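Architecture and fold: a report
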Amino acid sequence: MRRPVAMPPALSNPESPIPNPHSPRIALVAGEASGDLLGAGLVAALRERYPDAVFAGVGGDRMREAGLEAWHDASELAVMGLAEVLRHLPRLLRLRRALRERLLAWRPDVFVGIDAPDFNLGVERWLKQRGVRTAHYVSPSVWAWREKRAAKIGLSADRVLCLFPMEPPIYARHGVDARFVGHPLADAMPLHPDRATARAALGIAQDATVLAVLPGSRLGEIERLGTVFLDAAARVRQAMPDVQVVVPAANDGCHAALETLLARAPDAGGALRLYHGRARELMVASDVVLLASGTATLEAMLAKRPMVVGYRVSALTYRLVKGLGMLKVSRYALPNILAGETLVPELMQHECTPAKLADAVLAWLRDPHAADALVPRFEAIHAGLRRDASARAAEAIAALIDGARARCGSPR
């Protein structure tokens, strides 16, 4: 017999925000800034369907502003890198145990894990085994590697909400209910970006030739790619001295790391500007983007900019992934994956060198017609991803809530 669970403060506090026992209770857990943004949109869309709903769980500032009662802050889950995860593992395990007990005691109509699969899928599975309806918002990259994870994810989530159209068919092969809801970035970014306005806001001359350099949003990425990317930018400037280089830093830590690299860069003069944040504006304002593989490639595509994609992982990780056959794709950059063909150059691992990156950037700068030809391809992909993701996600979650209540034959 499972031991009794202490009721959380939210249930015993006379000032609890729960207005009545029939209000839908929706639990959500987001583990980093991107999840907090997704969660905020989802809470707002669910609020339109259920005006008296109560939202509780783990989130950041955006989700709190949308109406979440945050039992923990999302930053408590935002741990990156093997060494850091191992160091924080005891704390994370304690937090997960306490959180799942509190969630079960709160008796939510549905639990939504937003990204953070290493943390959320375990919580989802535990709750699902105890009769709580569960959903996972943002599919892990089952299309890229370890497709069999889809079946295991189905053991945790009653429904998976996918950002990309190629994902639901993979889950269907494993008998998992998955829905394509579209990508919130595609909703947020205009189909036709305004480069002139972006340049004016950033203080960049309208007639300048601009290269945006984004070596990554994590310190590990900057350590592996920062020097390589800056050396590539210097080579571009040697060939085309009028090119201005702009570099956005994702946060204070990345800003400090990039400042250190810039002090040693071969071209650290006035032609290179470091910005705090503003990555999306800088991509829109640029002529070409040199960036690390990841979600930023999707943003660059939505900004309709030609790009060169580079990436390196540790030699050991690369040997393991290749040797065990874990990687199932021949393309890595999201624009190429979504197009089903290579639209932009990818230079990965041993190919990711300053010389090759610079040559690929210069090819775009010297052939503006090729860059212009990308725009209609990118617009078509953008339109396909633009589905009002928050509203569609809310619709999929609402179906779980309403289905569960109908089967119970009562409001709760």
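Preceding this paragraph is the structure being described.
Report on the accompanying structure. Every value quoted in this text rests on a predicted model; they were computed, and no experiment measured them.

Criteria and thresholds
- Residues numbered from 1 in each chain as written.
- Predicted model: local features only at pLDDT ≥ 70, side-chain atom pairs only at ≥ 80, totals over all residues.
- Heavy atoms only, no water.
- Helix = DSSP H or I, 4+ residues; strand = E, 2+ residues; numbered from the N terminus.
- Contact = heavy atoms within 4.5 Å.
- Areas by Shrake-Rupley, 256 points an atom, 1.4 Å probe, with all protein chains shown as cover.
- Salt bridge = Lys/Arg side-chain N within 4 Å of Asp/Glu carboxyl O.
- Buried < 20%, exposed > 50% of the residue type's maximum accessible area, 1.4 Å probe, protein only.
- Phe/Tyr/Trp six-rings, centres within 6.5 Å; stacked < 30°, edge-to-face > 60°.
- Pairing = 2+ DSSP bridges.
- Axes fitted to C-alpha atoms, helices over the stretch in contact; angles between N-to-C directions.

1. Here we look at the overall build of the protein chain
Along its length, the protein chain carries 18 helices and 13 strands. Contacts in the protein chain between residues far apart in sequence, at least 24 positions, make up 68% of those at least 6 positions apart. For the protein chain, the exposed surface amounts to about 18700 Å²; the carbon and sulfur share of it is 54%.

2. Looking at the pattern of salt bridges
Pairing between side chains of opposite charge can happen when the charged atoms of each approach one another. In the structure shown here, the tally under the stated rule is 13 salt bridges. A salt bridge links Glu147 to Arg173; the nearest nitrogen and oxygen atoms lie 3.0 Å apart. Of this pair, Glu147 sits in the loop between β5 (134-137) and α6 (149-156) while Arg173 sits in the loop between α7 (167-172) and β7 (178-180), and the two are 26 residues apart along the sequence. Owing to a relative accessible area of 27%, Glu147 belongs among the partly exposed residues under this scheme. Through salt bridges with shared partners, one network takes in Asp61, Arg64 and Asp73.

3. Considerations on the environment of Ala56
Following the sequence through the fold, Ala56 ends up in strand β2 (residues 54-59). Take Ala56: its relative accessible area is 0%, and that puts it in the buried class. Sequence separation between Ala56 and His72 is 16 residues, and the spatial gap between their C-alpha atoms is 9.6 Å. If we ignore the near neighbours within four places in the chain, the residues touching Ala56 are Ile26, Ala27, Leu28, Leu68, Glu69, Trp71 and Trp106.

4. Some remarks on the packing of aromatic side chains
Enumeration according to the criterion identifies 1 aromatic pair in this entry. Relative to Trp106, the ring of Trp71 lies with its centre 5.7 Å away and its plane at 85 degrees, an arrangement referred to as edge-to-face. Within this pair, whereas Trp71 is found in strand β3 (residues 68-73), its partner Trp106 is found in helix α4 (residues 82-106), the two being separated by 35 residues in sequence. Across this residue pair, the class does not change: Trp71 and Trp106 are buried.

5. So, the sheet that holds β3
On the basis of which strands lie adjacent, the open sheet formed by 7 strands has the order β3-β2-β1-β4-β5-β6-β7 and parallel pairing. The open sheet is flanked by β3 and β7, the only strands paired with a single partner. This sheet shows a mean twist of 20 degrees between the axes of neighbouring strands, independent of strand direction. With 5 bridges joining them, strand β1 (residues 25-30) and strand β4 (residues 110-114) adopt parallel strand pairing. Across the sheet, Val29 pairs through a bridge with Gly113, a residue of β4.

6. Side note on the sheet that holds strand β12 (residues 307-311)
Taken together, 6 strands build an open sheet; the order of strands is β10-β9-β8-β11-β12-β13 and the sheet is parallel. The strands lining the two open edges of the sheet, one partner per strand, are β10 (272-276) and β13 (346-348). Adjacent strand axes in the sheet meet at a mean angle of 20 degrees when their direction is disregarded. Direction of pairing for β12 relative to β13: parallel, over a ladder of 3 bridges. Paired with Tyr311 across the two strands is Met348, which belongs to β13. Lying over the sheet, helix α16 (residues 354-366) contacts β8 (209-214), β9 (243-249), β11 (288-292), β12 and β13, oriented at roughly 165 degrees with respect to β12.

7. Some thoughts on unusual backbone geometry
Even without being a glycine, Val138 presents a positive backbone phi close to 100 degrees. With respect to the helices and strands, Val138 occurs in the loop between β5 and α6. When its relative accessible area of 11% is taken as the criterion, Val138 is described as buried. The phi torsion at Arg278 lies on the positive side, around 65 degrees, for a residue other than glycine. Here Arg278 lies in the loop between β10 and α12 (279-285).

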